[in-house]
Amino acid sequence: MTRYRVTLEYDGTDLIGWQENRQGPSVQSLIKDAIEKFCGARPDVVAAGRTDAGVHAVGMTAHFDLPGDRDANTVMRAVNFYLTDKPVSILSCEIVPDDFHARFDCTARHYKYVVLNRRAAPVLEKNRVWWVPRELDVDAMRVAADKLIGNHDFTSFRASECQAKSPIKTLDVARVVRDGDKIIFEFSARSFLHHMVRNIVGTLVEIGLGKPYDVDEIFAAKNRSAAGPTAPAAGLYFISADYSTGAE
């Protein structure tokens with residue numbers, strides 16, 4: 001068996017998320033289908049993160065094992081051939097040691113969230129941004145975002161169905177940047193709770209609209225109802241994953 005590490009991009013608009021199940025097409029199922037058409041094998045495809053329905057990726061890392069010793073370029077070209085009409089593409093592929101693990105070896109995960117802050121609704125970027133027509137106070141959101149950085153109990157930003165053993169996480173980056181009509185939220189951490197980024201963004205946008213949310217009080221409450229709403233999936237992107245060895 002040979003282990004391959006791949007970097008993927010995908011448009012999650014019409015997908016049920018990363019994880020394969022019977023509810024519809026997923027990123028994982030599309031890749032497994034393509035591999036099976038290529039070589040008859042249907043390996044498990046393990047990702048650095050399991051994104052939800054509607055979430056996109058710019059550079060998701062994943063790995064899978066195939067019988068034989070095909071070179072990485074052949075695997076990449078062949079799998080992409082069977083993904084041609086699908087919203088998933090392999091950007092790079094390399095052979096890695098058998099003990100490399102895309103999920104467990106990951107030392108940092110990077111996300112961004114895009115809000116389109118203008119009066120006119122999006123057309124070209126529909127399903128790729130969260131449209132907020134009312135003007136947002138970026139400075140207020142930045143002040144709140146700074147308080148999120150560090151080691152905290154993120155229970156108030158955690159989805160009820162989250163299966164993580166602990167709500168304690170260390171957020172290394174929480175940045176808010178305006179770029180024309182867009183407001184970009186950037187987050188980095190070793191790991192995240194389910195819906196953590198979207199719940200944070202939903203709260204920051206409420207703050208940007210002038211709602212009286214206080215981050216310190218939200219942390220202290222340890223209750224999901226204390227924070228703002230969950231931001232739509234469409235604006236969220238998995239950007240990249242870091243590894244202690246072989247990092248990009």
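About the thresholds
- Residues numbered from 1 in each chain as written.
- Predicted model: local features only at pLDDT ≥ 70, side-chain atom pairs only at ≥ 80, totals over all residues.
- Heavy atoms only, no water.
- Helix = DSSP H or I, 4+ residues; strand = E, 2+ residues; numbered from the N terminus.
- Rg over C-alpha atoms; globule rule 2.2 N^0.38 Å.
- Contact = heavy atoms within 4.5 Å.
- Salt bridge = Lys/Arg side-chain N within 4 Å of Asp/Glu carboxyl O.
- Buried < 20%, exposed > 50% of the residue type's maximum accessible area, 1.4 Å probe, protein only.
- Pairing = 2+ DSSP bridges.
- Axes fitted to C-alpha atoms, helices over the stretch in contact; angles between N-to-C directions.
- Left-handed = near helix turned anticlockwise from the far one by under 90°.
- Nonpolar A, V, L, I, M, F, W, Y, C, P; charged D, E, K, R; others polar.
- Phe/Tyr/Trp six-rings, centres within 6.5 Å; stacked < 30°, edge-to-face > 60°.
- Expected span 1.5 Å × (residues − 1).
- Core = buried A, V, L, I, M, F, W, Y, C linked by side-chain atoms within 4.5 Å.

## A closer look at the overall build of the protein
Along the backbone of the protein there are five helices and ten strands. Its C-alpha atoms give the protein a radius of gyration of 19 Å, within 12% of the compact-globule value 18 Å for 248 residues. Projected onto its principal axes, the C-alpha positions of the protein cover 60 × 40 × 35 Å. A fraction of 70% describes how many contacts in the protein between residues 6 or more apart in sequence connect residues 24 or more apart.

## What about the pattern of salt bridges?
Pairing of side chains with opposite charge becomes possible as their charged atoms draw close. This structure, assessed with the given rule, holds 14 salt bridges. Among the salt bridges present, the one from Glu-186 reaches Arg-175, with a minimum N-O distance of 2.6 Å. Taken together, the positions of Glu-186 in strand S9 (residues 182-189) and Arg-175 in strand S8 (residues 168-179) put the pair eleven residues apart, joining distant regions of the chain. Salt bridges sharing partners connect three or more residues here, namely Glu-20, Lys-32, Asp-33, Glu-36 and Arg-42.

## Section: the pairing of S9
Taken across its eight residues, S9 has six buried, putting it largely inside the fold. With eight bridges joining them, strand S5 (residues 106-116) and S9 adopt antiparallel strand pairing. For His-110, the partnering residue across the bridge sits in S9 and is Ser-188.

## Concerning the packing of helix H3 (residues 138-148) against helix H4 (residues 196-208)
With their axes 8 Å apart at the nearest point, H3 and H4 run at an angle of 145° to one another. Here H3 runs over H4; the crossing is right-handed. Contacts between H3 and H4 involve Ala-140, Met-141, Ala-144, Ala-145 and Leu-148 from the former and Ile-200, Leu-204, Val-205, Ile-207 and Gly-208 from the latter. Looking at the contact of H3 with H4 residue by residue, the class counts come to nine nonpolar, one polar and no charged.

## Looking at the packing of aromatic side chains
With the rule as written, the count across this model stands at ten aromatic pairs. With a centroid separation of 6.2 Å and an interplanar angle of 90°, the aromatic rings of Tyr-113 and Trp-130 are classed as edge-to-face. Taken as a pair, Tyr-113 in strand S5 and Trp-130 in strand S6 (residues 130-131) lie far apart in primary sequence, 17 residues in all. Between the aromatic rings of Phe-154 and Phe-157, the centroid separation amounts to 6.1 Å while the plane-to-plane angle is 55°, which identifies the pairing as tilted. In terms of burial, Phe-154 and Phe-157 fall into one category: buried. Linked through ring pairs, Tyr-111, Phe-192 and Phe-238 together constitute an aromatic cluster.

## Section: unusual backbone geometry
Among all residues save glycine, negative phi is the norm, and among peptide bonds the norm is trans. Although it is not a glycine, Asn-127 sits at a positive phi angle of roughly 70°. By the element assignment, Asn-127 lies in the loop between S5 and S6. A relative accessible area of 37% means that Asn-127 is categorised as partly exposed. In this structure, His-195 takes a positive phi of about 65° despite not being glycine. Relative to the assigned elements, His-195 resides in the loop between S9 and H4.

## Examining helix H1 (residues 27-39)
An α-helical turn contains 3.6 residues, so a residue and the one three or four places further along point in the same direction. Here H1 contains 13 residues, and its C-alpha end-to-end distance of 19 Å stays within 8% of the 18 Å for a straight helix at 1.5 Å per residue. Of the positions making up H1, those classed as buried are Val-27, Gln-28, Ser-29, Leu-30, Ile-31, Lys-32, Ala-34 and Ile-35. Along its buried surface, H1 packs onto strand S1 (2-10), strand S3 (56-66), helix H2 (72-81) and strand S4 (88-96). Two residues or fewer past H1, Gly-40 is found with a positive phi of approximately 85°.

## Concerning the nonpolar core
With 74 residues, the main nonpolar core has Trp-18, Leu-148, Leu-171, Phe-185, Phe-187 and Leu-204 as its most contacted residues. Per element, the largest residue contribution to this core is seven residues, and it comes from H4. Here Leu-171 is in contact with Leu-148, Ile-149, Gly-150, Phe-154, Phe-187, Ser-188, Ala-189, Phe-192, Met-196 and Ile-200, once residues within four sequence places are set aside. Val-114, Leu-116, Val-129 and Ile-184 belong to the second largest nonpolar core, which has five residues in total.

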